[in-house]
Amino acid sequence: DVVVVGSVNADLVVRVGRRPAPGETVMGSDLDTFPGGKGANQAVAAARLGADVALLARTGTDQYGARLVAGLAAEGVGVEHVMETEGASGVALITVDAEGDNSIIVSPGANARLTPADVAAAGDLVSGAAVVSLMLEIPLDTVMAAARAARRAVLNASPPRELPGELLALADPLVVNEHEAAFLLGAASAAPVSEPAGMARALLALGPRSVVITLGADGAVVAEPPTAGSPGFADAAAGVPAAAPGRVAAQGDGALGRPAGAVVTMVPSPVVDAVDTTGAGDAFTGALAWRLALGDNLPEAAGFAAEVGAAAVRKEGAQSSYPRGEEL
Ligand code: ADP
């Protein structure tokens, strides 16, 4: 089973010919309201695939809160631990211009009031789950509390921000897209690498237990430390640089107390006609968490998640585009 500790938002979308300049007013389309928030998106993605998934979150007492919770329950997400906070729900104000480009303002509302005490109060909901899935639309100390309590924490480091070393060290895997990967690497080094496998190795060297970088239409790349079963473990453990031709390996960080090196796996995505990529990363992460909870190894789980991500870009919207198990 999977527990998501994360955000719930109402996405308010208006289409405009062009964005207003400061001080200017422009006319837009009718307002569309969609369920969103990276936490809710992950939970719905997993639930639609058949996962037993619960959400620990907060919504407001405004016009959106109860509707958002009812929508999650209708998707099969466990909402017993979605609590009500006096005031505004999380809201994303989204404008889409004639070119299809988004501008988004997220107002955290109740999401900002999800606390480490809420994680503690949820008790074995969090500590008993096979996988706890996390993202960064809730306070960082709450993410940290959940990661500490979790048997296994999947961390989608989005929206990007600097991460404390302790949180990185609990991520298994750290899931990022290429922009987020560049952000984390940029914060860590003067000369970031740009090729995906190199980025994945460099991220692994920052300390997470494993790494997945999603690459849009190109799928994903997985980096893991060598295990006893992987080729070259013995020489890596003995500190001998891996030099065997054809093997993907790199210097790791021996200071982290694990063998040097990284096993890197490229995971393809099915080729699809992309209509709307909104929420693809959340679908990927929710699907990944579910497959890891079922016992897949990381490359297997990422392969499945890439299929789910590809299905999600074939339709408009975030949650509305997520596939059911039988559609894959
Ligand atoms: P994000 O939505 O966080 O920017 P990506 O764009 O990397 O993340 O997409 C996440 C996943 O969705 C990818 O790993 C891939 O499986 C799938 N995906 C995204 N865009 C496409 C695309 N154009 N064609 C096929 N699959 C895609």
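Within each chain, residue numbers correspond to sequence positions counted from 1 in written order. Only residues with pLDDT of 70 or above have their local features reported here, since the model is predicted, and side-chain atom pairs are shown and tallied only from 80 upward, although totals for entire chains, interfaces and linings are computed over all residues.

Named according to an unreviewed UniProt entry, the protein chain is Ribokinase originating from Nonomuraea roseola. Check the Subcellular location (unreviewed entry) section of the UniProt entry for the protein chain; it says "Cytoplasm". UniProt positions are given in the numbering used here, feature names are shortened, and annotations may be inferred rather than shown by experiment.

Trainee: Explain the site of the ligand to me, and be specific about the residues and the numbers.
Mentor: Around the ligand sit 18 residues, and of these Thr-214, Ala-274, Gly-281, Ala-306 and Gly-309 come closest. Strands are runs of DSSP state E lasting at least 2 residues, helices are runs of H or I lasting at least 4, and numbering of each runs from the N terminus. If you list the elements that add at least two residues to the shell around the ligand, you get α10 (280–294) and α11 (298–312). A molecule or strand has a residue near it when that residue's C-beta atom, placed from backbone coordinates, lies within 6 Å of it.

Trainee: Provide a residue-level description of the environment of Ala-73, including the pertinent values.
Mentor: Along the chain, Ala-73 falls in helix α2 (residues 65–74). Here a residue counts as buried when 20 or more other C-beta atoms sit within 10 Å of its C-beta, as exposed when there are 12 or fewer, and as partly exposed otherwise, the C-beta atoms being derived from the backbone. For Ala-73, a count of 14 C-beta atoms within 10 Å puts it in the partly exposed group. C-alpha of Ala-73 to C-alpha of Asn-111: the two residues are 38 residues apart in sequence and 18 Å apart in space.

Trainee: Quick one: what's the story with the UniProt feature "binding site: substrate" (unreviewed entry) in the protein chain, residue by residue and with numbers?
Mentor: UniProt's entry tags Asn-9, Ala-10, Asp-11, Gly-37, Lys-38, Gly-39, Ala-40, Asn-41, Glu-137 and Asp-282 with the feature "binding site: substrate" (unreviewed entry), counted in the numbering of this structure. As for its placement among the helices and strands, Ala-40 is situated in helix α1 (residues 38–49). By definition, residue pairs are in contact when their C-beta atoms, positioned from the backbone, come within 7 Å. With sequence-adjacent residues up to four places away left out, Ala-40 is seen in contact with Ser-7, Val-8, Pro-35, Leu-55 and Leu-72. When you line up the elements, Glu-137 lands in the loop between β8 (131–135) and α5 (140–149).

Trainee: Lay out the pairing of strand β10 (residues 171–177) with the relevant residues and their values.
Mentor: Consecutive side chains of a regular strand alternate in pointing toward one face of the sheet and then the other. Most of β10 sits out of view: seven of its seven residues are buried. The pairing of strand β9 (residues 153–156) with β10 spans three bridges and is parallel. Looking at the pairing, Ala-153 lines up with Ala-171 of β10. Read as a crossover between parallel neighbours, the route from β9 over helix α6 (residues 165–170) to β10 is right-handed. Any two strands with at least two DSSP bridges between them are considered paired. With the strands aimed away from the viewer, a crossover counts as right-handed if its path from the first strand over the helix to the second runs clockwise.

Trainee: Got a sec to walk through the sheet that holds β8? Specific residues and values, please.
Mentor: Strands in a sheet are paired, the pairing made by backbone hydrogen bonds, and the direction either parallel or antiparallel. The sheet built from nine strands is open, its strands ordered β5-β4-β1-β8-β9-β10-β11-β12-β13 with mixed pairing. A strand with exactly one partner marks an edge of an open sheet, and here the two such strands are β5 (82–85) and β13 (263–267). Direction aside, the axes of adjacent strands within the sheet are offset by 15 degrees on average. Contacts between α1 and the sheet are confined to β1 (2–5), β4 (53–60), β8 and β9, with β4 contributing the most and set at about 150 degrees to the helix. Lying on the sheet, helix α8 (residues 196–204) is in contact with β10, β11 (211–214), β12 (220–224) and β13; it crosses β12 at an angle near 35 degrees. Whenever a helix is involved, its axis is fitted only over the stretch in contact; in every case the axis is a line through C-alpha atoms, and angles between N-to-C directions fall within 0 to 180 degrees.

Trainee: So what's going on with α11? Which residues, and what values?
Mentor: Under the convention used throughout, the expected extent of a helix is 1.5 Å for every residue step, that is, one less than its residue count. Between its terminal C-alpha atoms α11 stretches 21 Å, which fits the 21 Å expected from 15 residues at 1.5 Å a residue. Of all 15 residues in α11, eleven are buried, a share of seventy percent or more. Here α11 has its buried residues at Leu-298, Ala-301, Ala-302, Phe-304, Ala-305, Ala-306, Val-308, Gly-309, Ala-310, Ala-311 and Ala-312. Taken together, the buried residues of α11 touch α1, β10, β11, β12, β13 and α10.

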